[in-house]
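Here is what each chain is made of, one letter per residue.
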Amino acid sequence: MDREGTRILKSVERLRDAMVQWLREFIGIPTVNGEETVLAERIVELCREWGVRAQVWEKEPRRGNAVLELGEGQPSLLLTAHLDTVPPGAGWKTDPFRAEVRDGWVVGRGAVDDKGPLVSILGAVRAILDLDVELQGRVIVVGAAGEETGRFFGLPWLLEEGVVQPTYAIVAEATDNVCVEVAEKGILYVRVVTRGRAAHGSKPELGVNAIVHMAQVIQRLATFHIPHPPHPYLSPPTINIGTICGGTAANVVPDRCELVINIRYLPGQREEEILDIIRAEAEAAGRSLPGFRVEVERIRGAPPAETNPESAVVRAVRYAIRRVWGAEARLVGTGITTHAKPLRLRGIETAVYGPGREAMCHVANERIEIEELVRGAAVYALATTRLLGSQ
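The notes below deal with the structure included here.

**Remarks on the nonpolar core**
Line of reasoning, step 1. If you look at the biggest cluster of nonpolar residues, it comprises 76 residues, and the most contacted ones within it are Ile43, Leu68, Leu122, Ile170 and Val180.
Line of reasoning, step 2. Among the elements that make up this core, the one with the highest residue count is helix α10 (residues 370-388) (12 residues).
Line of reasoning, step 3. The next biggest cluster of nonpolar side chains, apart from the first, holds 23 residues, and it includes Met214, Ile226, Ala282 and Phe292.

Right, here's the structure in full:
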């Protein structure tokens, strides 16, 4: 590691115990799909003690966002992680909201997704302050509400309101420590409805069974592969048959059945073309069935988004990974929707990087290695100085 990286890593290393303490405290403040304000207020309190400008922003009561700033002017770099978590679920060996330190790991809900990466960001901020780094621009930190449920409480709202308008952004999500995510699939929710004709259950031949017809649609869609252009970082498009609802009673031939599917698609594809493809497949499924009727409609969606791998922010993160981890960063894509999407769709150069292992997200006994926290903080700090430092 070079002199700059060594200096930053040593500064972060001195914060090791403090970072573990912050993470245990943050895990102990439950933020399951809501109630983020208590945690946002604690982060603001902590950072004000450091002399950092900090404020809680709420779109709705109890759905608070922590917004911190250091430095002045432009360019500006946003470092953001989300405050909310998914429910703990079953299978925990410990209390998910009472973090335990075990064999060099911190265990608890949010340890990886996303309170651990948040703590690494705060460690980076503290290290930059301790080293008295002269920033040529401004660092903005956002602890965001509402990411797990995709609600408009957090970063998308702050962007819409103009509270944050960064030049660059690093979204903190676990990327297996040495990967940088540069591309994200589009997402599309589609409703498929088959129409039948009701009849008494004792004489099904007098009706048209919408559920039976939907079974043909499901069979076809379950084995269908959406045509797609190749992409260097993303796997092929996917169709997930998510929910189904039909019928009113067991003794009535159902006259309606509804299916909701979730589609993830690639850059270069358009929502309208995906809908047309699904509509054509659904219609083809019942072409030989008497009385078959099907409707396909969009519910909601968001387009794919990606960042040029040669952009300044991606190069800065790759540089930092190389210095801190001694390994070349691997560029990857994802089918998951993250807060990188609203940033990229606004033309903001965005990289997704975070400490921790993606396989630990949303599982029982979620945990992050303390060394990952420390090195994650060093990566954020070094990437920041690379983009905004005086060198």
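**Overview of the sheet that holds strand β4 (residues 100-102)**
Line of reasoning, step 1. Ordered by their spatial adjacency, 3 strands build an open sheet running β4-β5-β16, and the pairing between neighbours is antiparallel. A single partner strand is all that each edge strand has here, and the edge strands are β4 and β16 (367-369). For this sheet, the mean angle separating the axes of adjacent strands, direction not counted, is 25 degrees.
Line of reasoning, step 2. Running at roughly 10 degrees to strand β5 (residues 105-107), helix α2 (residues 16-27) makes contact with β4, β5 and β16 of the sheet.
Line of reasoning, step 3. Lying over the sheet, α10 contacts β4, β5 and β16, oriented at roughly 65 degrees with respect to β16.

**Looking at the pairing of strand β11 (residues 256-265)**
Line of reasoning, step 1. Burial runs high along β11: 9 of the 10 residues are buried.
Line of reasoning, step 2. Here 10 bridges tie strand β9 (residues 186-195) to β11, and the two strands are oriented antiparallel to one another. The residue of β11 that forms the bridge with Arg195 is Arg256.
Line of reasoning, step 3. Relative to β11, strand β10 (residues 238-246) runs antiparallel, the two sharing 8 bridges. Pairing of Ile241 across the sheet is with Ile261, part of β11.

**A short note on helix α8 (residues 312-325)**
Line of reasoning, step 1. The terminal C-alpha atoms of α8, which comprises 14 residues, lie 20 Å apart, in line with the 20 Å expected from a rise of 1.5 Å per residue.
Line of reasoning, step 2. All of the buried residues in α8 are Val313, Val314, Ala316, Val317, Tyr319, Ala320, Ile321 and Val324.
Line of reasoning, step 3. Of the residues trailing α8, Gly326 is marked for its positive phi of about 70 degrees.

**Examining the pattern of salt bridges**
Line of reasoning, step 1. Within this structure, the stated rule accounts for 27 salt bridges.
Line of reasoning, step 2. Between Glu69 and Arg138 there is a salt bridge; the shortest N-O distance is 3.4 Å. With Glu69 in strand β2 (residues 64-71) and Arg138 in strand β6 (residues 138-144), this residue pair connects regions lying 69 residues apart in the sequence. With respect to burial, Glu69 and Arg138 carry one shared label: buried.
Line of reasoning, step 3. Two residues, Glu295 and Arg195, come together in a salt bridge whose shortest N-O distance is 3.0 Å. Of this pair, Glu295 sits in strand β12 (residues 293-302) while Arg195 sits in strand β9; the two residues are 100 residues apart in sequence, bridging distant segments of the chain.
Line of reasoning, step 4. Linked through salt bridges whose partners overlap, the residues forming this network are Glu13, Arg16, Glu371 and Arg375.

**Looking at the side chain of Glu366**
Line of reasoning, step 1. Note that Glu366 resides in the loop between β15 (349-352) and β16.
Line of reasoning, step 2. The exposure class of Glu366 is buried, given its relative accessible area of 0%.
Line of reasoning, step 3. Separated by 3.2 Å, the side chain of Glu366 and the backbone nitrogen of Ala111 make a polar contact.

**Section: the sheet that holds β9**
Line of reasoning, step 1. The strand order across the open sheet formed by 4 strands is β10-β11-β9-β12, and the pairing between neighbours is antiparallel. Strand pairing shows two members of the sheet lacking a second neighbour, β10 and β12, which therefore form its edges. Pairwise comparison of adjacent strand axes, ignoring direction, gives a mean angle of 20 degrees for this sheet.
Line of reasoning, step 2. Here β9 pairs with β12 via 9 bridges, running antiparallel. Paired with Val192 across the bridge in β12 is Val296.
Line of reasoning, step 3. Sitting on the sheet, helix α7 (residues 271-285) is in contact with β9, β10, β11 and β12, with an inclination near 155 degrees to β12.

**Side note on the environment of Leu373**
Line of reasoning, step 1. With respect to the element layout, Leu373 can be found in helix α10.
Line of reasoning, step 2. A C-alpha to C-alpha distance of 22 Å links Leu373 and Asp132, two positions 241 residues apart in sequence.
Line of reasoning, step 3. Contact partners of Leu373, with chain neighbours within four places excluded, come to Met19, Leu23, Gly116, Val119, Ser120, Pro355 and Ile368.

**Some remarks on the packing of aromatic side chains**
Line of reasoning, step 1. Summed over all chains, the structure comprises 2 aromatic pairs.
Line of reasoning, step 2. An angle of 45 degrees between the planes, with centres 5.4 Å apart, marks the rings of Trp22 and Trp50 as tilted. With Trp22 in helix α2 and Trp50 in the loop between α3 (37-49) and β1 (53-58), this residue pair connects regions lying 28 residues apart in the sequence.
Line of reasoning, step 3. Since its relative accessible area comes to 8%, Trp22 is described here as buried.
Line of reasoning, step 4. Classification of Trp50 by relative accessible area gives buried; the value is 15%.

**A look at unusual backbone geometry**
Line of reasoning, step 1. Put simply, Gln74 and Pro75 share a cis peptide bond, and its omega is 0 degrees.
Line of reasoning, step 2. Along the chain, the position of Pro75 falls in the loop between β2 and β3 (76-82).
Line of reasoning, step 3. With an omega of 15 degrees, the peptide bond running from Asp113 to Asp114 counts as cis.
Line of reasoning, step 4. Among the structural elements, Asp114 can be located in the loop between β5 and α4 (115-130).
Line of reasoning, step 5. The phi dihedral of Asp132 falls on the positive side, at around 55 degrees, and the residue is not glycine.
Line of reasoning, step 6. Structurally, Asp132 is set in the loop between α4 and β6.
Line of reasoning, step 7. Here Asp132 falls in the exposed class, since its relative accessible area comes to 66%.

Reading the values: the criteria
Residues numbered from 1 in each chain as written. Predicted model: local features only at pLDDT ≥ 70, side-chain atom pairs only at ≥ 80, totals over all residues. Heavy atoms only, no water. Core = buried A, V, L, I, M, F, W, Y, C linked by side-chain atoms within 4.5 Å. Buried < 20%, exposed > 50% of the residue type's maximum accessible area, 1.4 Å probe, protein only. Helix = DSSP H or I, 4+ residues; strand = E, 2+ residues; numbered from the N terminus. Pairing = 2+ DSSP bridges. Axes fitted to C-alpha atoms, helices over the stretch in contact; angles between N-to-C directions. Contact = heavy atoms within 4.5 Å. Expected span 1.5 Å × (residues − 1). Salt bridge = Lys/Arg side-chain N within 4 Å of Asp/Glu carboxyl O. Polar contact = N/O pair within 3.5 Å; in protein donor to acceptor, adjacent residues only side chain to side chain. Phe/Tyr/Trp six-rings, centres within 6.5 Å; stacked < 30°, edge-to-face > 60°.

In short, shape yes, function no, at least from these values alone.
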